[in-house]
Amino acid sequence: MKIKKLFPALFTALLLGQVIVPSIVNAQSPWEKLAKRPSTLDLASGTLSFHTGKLTLKLVKSSQTVAALVPDEDKAFDFTPADRLALRNKDGMYQLGDINLRYKAAGDTTWVRCSTAAKRGTVTALSVTENTLAAADLAGTLPAGIPLKIERYWKNIDGRLTMEFTITNKSNTDIEIGDLGMPVIFNNIMDGKTLEEAHATNVFYDPYIGADAGYLQVARLSGHGPVLLVIPSGHTPFEAYNPLLDDPTPRGITFEGFYEWMVHSKAAAAKEWKAAKPWNTTTAQVLKPGQTYTVGLGFVLSPSVKNIEQTLAGNNRPVAVGIPGYVLPQDVNGRLFLNYAKPVENITVEPAGALELSKINAPKAGMYAYAIKGKTWGRARLTVTYTDGLKQTINYKVIKPESEMVKDFGHFLTTKQWYHNPQDPFGRNNSVISYDDKKKQQVTQESRAWIAGLSDEAGAGSWLGAMMKEFLEPDKAEIDKLQLFANHTLWGGLQHSSGKEMYGVKKSMFYYQPDSLPAGIYDPKINYKTWAAWDHKSANDIGRSYNYPHVAAAHWVLYRLARNHVGLVTEKPWQWHLNNAYSTAMAMVNLAPYYVQFGQMEGSVFYFILKDLKAEGWMVPARTLEAAMKKRADHWRTLQYPFGSEMPWDSTGQEEVYVWSKYFGYDDKANVTIDAILAYMPTIPHWGYNGSARRYWDFLYGGKLSRIERQLHHYGSGINAIPVLNEYRNHPDDLYMLRVGYGGTMGAVSNITQEGFGSAAFHSFPSTLDIDAYSGDYGPNFFGYAINTATYVMHNDTLGWLAFGGNLTTEKNWVKIKLTTAAKSRVFVAPLQLWLTLDAGTFNTIAYNTTTGQLQITLNPRDKYTPKAYLHIEDQHNTAADYAVKGKYQKQRGAFVLPLGTGLSNFELIKAVK
């Protein structure tokens with residue numbers, strides 16, 4: 001985000017499409033310092049090579065750790081960081097094949113930690129027989145005196161590459177293993193690579209921390225197959241997923257860090273993680289004298305991301321599919337489908353009563369199906385036990401009904417976060433300002449100027465969220481406050497209202513320049529001696545294009561409210577707000593041209609503005625805006641992977657790149673974009689990871705707890721769900737796409753608290769496992785939810801009729817859906833490929849006749865500000881559909897104008913006569 005201030009030379013590299021090359025920035029980069037450390041992994045001894053299944057395995061001969069793991073399908077590709085092996089050959093640097101333990105003897109109170117990576121030594125090769133490829137006694141790379149004998153075996157088990165550890169207690173007393181972790185080291189180091197190189201050579205990996213049913217999926221950045229799946233061998237539960245923070249490989253914007261698959265984590269839970277609530281019940285293993293214990297991992301390939309579940313089932317792994325996902329509003333009737341070779345023995349819920357399950361008829365033999373309801377707000381865990389003893393955990397997040405949750409969010413923003421201070425020296429009076437939920441107070445000063453300055457994602461986030469809340473659920477009292485903000489604080493304050501920089505957006509209203517203000521303004525306890533404490537000149541810079549979509553969205557929402565309702569927006573006419581939205585978009589192009597080469601987060605708002613300009617008949621500004629956007633899209637079309645940003649790799653520009661590529665007919669780039677999104681946005685039976693688009697550095701810029709860390713449901717979830725669900729509407733049979741997009745949409749609101757506070761993101765480290773205390777950059781996440789939340793009804797050949805965002809019932813030939821989303825203004829009927837949207841008014845129910853194709857819609861009653869509904873009927877290509885409202889109804893701006901009554905209003909949609 002603010003990387004220009006840190007590394008000015010980077011931007012020459014970024015213009016070339018390059019990722020960070022640290023040597024450009026600093027001759028003594030962490031990588032160069034690392035290179036000077038002594039090499040202890042004996043690479044000179046050579047490698048061992050084996051072929052099994054569809055993988056070629058190479059092992060370092062001296063350590064029998066992995067040197068390469070190459071799929072037959074692409075022999076130029078390596079799942080492991082083999083390109084860094086000659087540099088990462090030092091003590092403390094984990095390799096695939098290492099093991100970490102923490103143990104203690106009976107009667108001892110202190111855990112002893114040991115690792116095969118801590119101090120490298122040569123392992124002793126063991127003779128191999130039958131299906132064993134290579135084996136070693138690891139004593140040579142373990143501390144002297146350890147009471148455990150550890151052997152590692154690389155095997156070919158029925159064509160599957162397998163790594164197994166056998167651990168034997170060689171002492172005369174019981175030994176308790178409190179932690180057991182296997183580092184899973186794959187090539188997510190992007191340092192020094194162009195975007196093209198990174199997409200060709202790097203991977204992201206995501207865990208299903210699901211106990212015995214757990215797995216790790218390792219996907220290439222391009223989204224193309226094959227995908228590597230790491231699955232248990234024997235009884236090897238995936239209990240916890242732990243970051244290897246002691247590995248000296250430099251972590252940062254181009255490297256998230258490595259992790260370990262933890263089989264046991266009791267010791268860590270009692271010490272480093274004692275303040276957190278773990279995903280799974282933590283365990284330990286006690287070994288009697290002479291007893292041997294075996295754990296292991298298997299490595300299999302899936303042909304594509306979308307085939308992961310089929311591959312798991314084909315390898316006799318349990319597969320769970322939750323509908324509509326694992327973020328479950330309390331008024332939604334969810335479904336859970338379980339597919340495994342063995343029957344379900346029992347299911348338990350923790351906390352007790354948090355979820356309510358009842359068995360229902362399974363859609364096919366061998367599958368188990370359950371109706372599921374969220375009862376108690378917060379995290380909940382299902383533990384499914386099968387008759388063979390295998391345990392599968394599924395983590396849910398139960399939230400309030402969406403309408404209630406959104407109402408709470410709006411109230412919190414316009415009360416607890418409403419900043420009223422006419423004497424504020426920075427001009428922020430009457431605004432929605434950042435908030436610290438731990439201190440229960442507004443953040444009016446911060447060393448990162450933008451957080452308190454109402455701009456940038458982490459400063460604009462709160463007021464942007466407040467604006468988007470009104471887009472979903474207008475509230476007159478809240479809108480009155482937000483008009484004060486938009487028309488007086490934003491306009492003429494954050495955004496220039498006159499002069500040569502008119503419509504330009506500042507980087508921050510807050511700044512640090514004590515010599516220009518009276519004494520006592522700045523908190524002496526805050527460290528302002530950092531690059532992020534911008535002075536007045538830096539804060540007034542209008543050259544960061546990423547600040548413009550937030551402002552454009554505020555103007556656009558007020559236009560929509562003024563245009564489609566009566567009396568909600570009273571201070572300025574709708575024309576003024578629409579013109580400001582359009583002019584902000586053009587100011588971004590003209591006043592902040594450098595970053596316009598990249599996709600903007602929330603950039604889809606410019607597409608919505610363009611649509612409204614056309615609907616209003618404002619053709620001159622529409623053509624001007626369209627031409628400016630096409631110039632950008634034409635540039636992206638020349639790039640193999642047009643996903644650059646002010647960061648070397650990013651997950652936030654894909655949204656706008658997709659939108660404009662699709663709009664201008666550049667389907668090749670739209671497809672490349674979707675493939676890349678699916679690589680870092682998985683569907684996994686765990687609310688924290690399902691639909692969670694990868695992001696791992698924004699806690700540095702917008703979080704209270706500032707560190708490099710995989711963020712769960714950062715705003716990448718909300719905005720990446722926009723293209724995914726748009727693409728689903730073009731492929732209405734693609735249930736995988738719908739599950740990913742809907743998971744991201746609901747993930748965007750999973751971090752709203754019971755009180756209504758919206759957090760920047762959820763901390764994934766097992767030491768924390770909680771939301772961040774800062775509101776930070778949550779606003780773009782809620783933008784994604786507000787723009788994208790909709791009800792989807794589809795029929796799947798295996799699972800039958802499904803609803804996302806509504807409760808579905810069937811009777812004879814009718815499928816009926818009662819909407820449960822906050823908006824209740826958008827419905828996609830997949831069998832008809834029909835997209836129904838309301839500019840005003842809300843749906844109550846939709847009924848679809850599967851025989852005749854007839855549609856019946858029921859709209860909720862009018863209110864003081866909404867006497868009419870405006871209904872758009874479009875097909876999947878956002879063009880006029882074959883359906884129309886039965887009867888004589890006027891159309892305005894492409895929408896049917898439907899009068900609302902004091903009670904429910906019913907309308908029928910029929911095939912239009914051409």
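Residues numbered from 1 in each chain as written. Predicted model: local features only at pLDDT ≥ 70, side-chain atom pairs only at ≥ 80, totals over all residues. Heavy atoms only, no water.

### So, the overall build of the protein
Line of reasoning, step 1. Per the secondary structure count, the protein includes 22 helices and 44 strands.
Line of reasoning, step 2. Relative to its length of 914 residues, the protein is compact, with a C-alpha radius of gyration of 28 Å against a globular reference of 29 Å.
Line of reasoning, step 3. With the C-alpha coordinates aligned to their principal axes, the bounding extent of the protein is approximately 85 × 75 × 50 Å.
Line of reasoning, step 4. For the protein, the proportion of its 914 residues judged to be buried stands at 64%.
Line of reasoning, step 5. The long-range share in the protein, meaning contacts at least 24 apart out of those at least 6 apart in sequence, stands at 68%.
Line of reasoning, step 6. Accessible area for the protein stands at about 31,400 Å²; split by element, carbon and sulfur atoms hold 51% of it.
Line of reasoning, step 7. Here the protein holds 94 positive side-chain charges and 84 negative ones, and the gap between their average locations is 2 Å. (Helix = DSSP H or I, 4+ residues; strand = E, 2+ residues; numbered from the N terminus. Rg over C-alpha atoms; globule rule 2.2 N^0.38 Å. Buried < 20%, exposed > 50% of the residue type's maximum accessible area, 1.4 Å probe, protein only. Contact = heavy atoms within 4.5 Å. Areas by Shrake-Rupley, 256 points an atom, 1.4 Å probe, with all protein chains shown as cover. Lys, Arg positive; Asp, Glu negative; His and termini not counted. Charge placed at Lys NZ, Arg CZ, Asp CG, Glu CD.)

### Looking at the packing of aromatic side chains
Line of reasoning, step 1. Evaluated as defined, the whole model comprises 60 aromatic pairs.
Line of reasoning, step 2. Between Trp 649 and Tyr 680, the aromatic rings sit 5.6 Å apart at their centres with planes inclined by 85°, giving edge-to-face as the arrangement. Of the two residues, Trp 649 sits in the loop between helix H16 (619–637) and helix H17 (654–663) while Tyr 680 sits in helix H18 (residues 667–680), which places them 31 residues apart along the sequence. Assigned by exposure class, Trp 649 and Tyr 680 land together as buried.
Line of reasoning, step 3. Between the aromatic rings of Trp 660 and Tyr 663, the centroid separation amounts to 5.5 Å while the plane-to-plane angle is 90°, which identifies the pairing as edge-to-face. In this pair, Trp 660 and Tyr 663 are both assigned in helix H17, 3 residues apart and thus about one turn of the helix distant.
Line of reasoning, step 4. Tyr 663 gets classed as partly exposed once you look at its relative accessible area, which sits at 29%.
Line of reasoning, step 5. One aromatic cluster is present, built from ring pairs that chain together Phe 471, Trp 556, Tyr 607, Phe 608, Trp 660, Tyr 663, Phe 664 and Tyr 666.
Line of reasoning, step 6. A cation over an aromatic ring shows up here: Lys 155 above the ring of Tyr 153, its NZ or CZ 5.6 Å from the ring centre.
Line of reasoning, step 7. Between Lys 507 and the ring centre of Trp 534, over which it is positioned, the NZ or CZ distance is 4.1 Å. (Phe/Tyr/Trp six-rings, centres within 6.5 Å; stacked < 30°, edge-to-face > 60°. Lys NZ or Arg CZ within 6 Å of the ring centre and 35° of its normal.)

### Overview of the layout of surface pockets
Line of reasoning, step 1. What the second largest pocket holds in volume is close to 440 Å³.
Line of reasoning, step 2. Among the residues making up the lining of the second largest pocket, the classes are represented as 9 nonpolar, 4 polar and 5 charged. (1 Å grid on protein atoms, 1.4 Å probe; cavity = no way out; pocket = protein on both sides within 12 Å on 5 of 7 lines; lining within 4 Å. Points joined across faces, edges and corners; volume = space filled by probe spheres on them. Nonpolar A, V, L, I, M, F, W, Y, C, P; charged D, E, K, R; others polar.)

### So, the pattern of salt bridges
Line of reasoning, step 1. Applying the stated criterion to the full structure yields 45 salt bridges.
Line of reasoning, step 2. The partner of Asp 424 in a salt bridge is Arg 428, with the nearest N and O atoms 2.8 Å apart. A single burial state applies to Asp 424 and to Arg 428, both of which are buried.
Line of reasoning, step 3. Linking Arg 448 and Glu 446 is a salt bridge whose minimum nitrogen-to-oxygen distance equals 2.8 Å. For the residue pair Arg 448 and Glu 446, the accessibility class agrees, reading buried in each case.
Line of reasoning, step 4. What emerges from the salt-bridge pattern is a single network uniting Asp 206, Glu 256, Arg 694 and Arg 710. (Salt bridge = Lys/Arg side-chain N within 4 Å of Asp/Glu carboxyl O.)

### Observations concerning the pairing of strand E12 (residues 215–220)
Line of reasoning, step 1. Here E12 lies mainly inside the structure; 6 of its 6 residues are buried.
Line of reasoning, step 2. Residues Tyr 215, Gln 217 and Ala 219 point to one face of E12 and Leu 216, Val 218 and Arg 220 to the other, with burial holding for every one of them.
Line of reasoning, step 3. Judged from the 6 bridges that link them, strand E11 (residues 203–208) and E12 form a sheet pairing that is antiparallel. Looking across to E12, one finds that Asp 206 is bridged to Gln 217.
Line of reasoning, step 4. Between E11 and E12, which pair antiparallel one after the other, the connecting turn spans 6 residues, and Ala 211 there sits at a positive phi close to 60°.
Line of reasoning, step 5. Bridge analysis of E12 against strand E13 (residues 227–233) gives 3 bridges, and the strand direction is antiparallel. Residue pairing across strands places Val 218 opposite Leu 228, the latter belonging to E13. (Pairing = 2+ DSSP bridges.)

### Considerations on empty space enclosed by the protein
One water molecule sets the probe size; rolling that probe over the atoms shows where empty space is left.
Line of reasoning, step 1. Overall, the coordinates contain 11 cavities of 30 Å³ or more when judged by the stated rule.
Line of reasoning, step 2. Its boundaries defined by the atoms lining it, the largest cavity holds a volume of some 80 Å³.
Line of reasoning, step 3. Every residue lining the largest cavity is counted, 14 residues in all, and those nearest its centre are Ala 240, Tyr 241, Trp 279, Pro 766 and Leu 769.
Line of reasoning, step 4. For the lining of the largest cavity, the per-class residue count stands at 9 nonpolar, 4 polar and 1 charged.

### Notes on unusual backbone geometry
Line of reasoning, step 1. Cis geometry marks the peptide bond from Gly 225 to Pro 226; its omega dihedral reads 0°.
Line of reasoning, step 2. Tracing the chain through its elements places Pro 226 in the loop between E12 and E13.
Line of reasoning, step 3. The linkage connecting Glu 350 with the following residue, Pro 351, adopts the cis geometry, with an omega of -5°.
Line of reasoning, step 4. On the secondary structure map, Pro 351 appears in the loop between strand E21 (344–350) and strand E22 (355–360).
Line of reasoning, step 5. The phi torsion at Gln 64 lies on the positive side, around 55°, for a residue other than glycine.
Line of reasoning, step 6. Along the chain, Gln 64 falls in the loop between strand E2 (55–60) and strand E3 (66–71).
Line of reasoning, step 7. Classification of Gln 64 by relative accessible area gives buried; the value is 4%.

### A closer look at the packing of helix H13 (residues 548–564) against helix H14 (residues 574–591)
Line of reasoning, step 1. Between H13 and H14, the least distance of the axes is 7 Å, while the angle of their chain directions is 160°. Between H13 and H14, the angle falls in the class roughly antiparallel. For the element pair H13 and H14, the recorded crossing hand is left-handed. Here Tyr 548, Val 551, Ala 552, His 555, Trp 556, Leu 558, Tyr 559, Ala 562 and Arg 563 of H13 come into contact with H14, specifically with Trp 574, His 577, Leu 578, Asn 580, Ala 581, Thr 584, Ala 587, Met 588 and Leu 591.
Line of reasoning, step 2. For the contact of H13 with H14, the class distribution of residues is 13 nonpolar, 4 polar and 1 charged. (Axes fitted to C-alpha atoms, helices over the stretch in contact; angles between N-to-C directions. Parallel < 35°, antiparallel > 145°, perpendicular 65-115°, else oblique. Left-handed = near helix turned anticlockwise from the far one by under 90°.)

### A short note on the sheet that holds strand E9 (residues 160–169)
Line of reasoning, step 1. The strand order across the open sheet formed by 8 strands is E6-E7-E8-E9-E17-E13-E12-E11, and the pairing between neighbours is antiparallel. Each end of this open sheet is capped by a strand with a single partner; those strands are strand E6 (124–125) and E11.
Line of reasoning, step 2. Here 7 bridges tie E13 to strand E17 (residues 292–302), and the two strands are oriented antiparallel to one another. Its bridge partner lying in E17, Val 230 is registered against Phe 299.

### Focus: the sheet that holds E22
Line of reasoning, step 1. Pairing in this open sheet of 4 strands is antiparallel, and the strands run E18-E20-E23-E22 from one edge to the other. For this open sheet the edge positions go to strand E18 (319–323) and E22, each flanked by a neighbour on one side alone. Between one strand axis and the next, the sheet turns through 25° on average, direction left out of account.
Line of reasoning, step 2. Bridging between E22 and strand E23 (residues 367–374) involves 6 bridges; their strand directions are antiparallel. Across the sheet, Glu 356 pairs through a bridge with Lys 373, a residue of E23.

### Topic: the environment of Val 589
Line of reasoning, step 1. Along the chain, Val 589 falls in helix H14.
Line of reasoning, step 2. Sequence spacing of Val 589 and Ala 628 is 39 residues, and the spatial spacing of their C-alpha atoms is 7.3 Å.

Read these as spatial facts, not as claims about activity.
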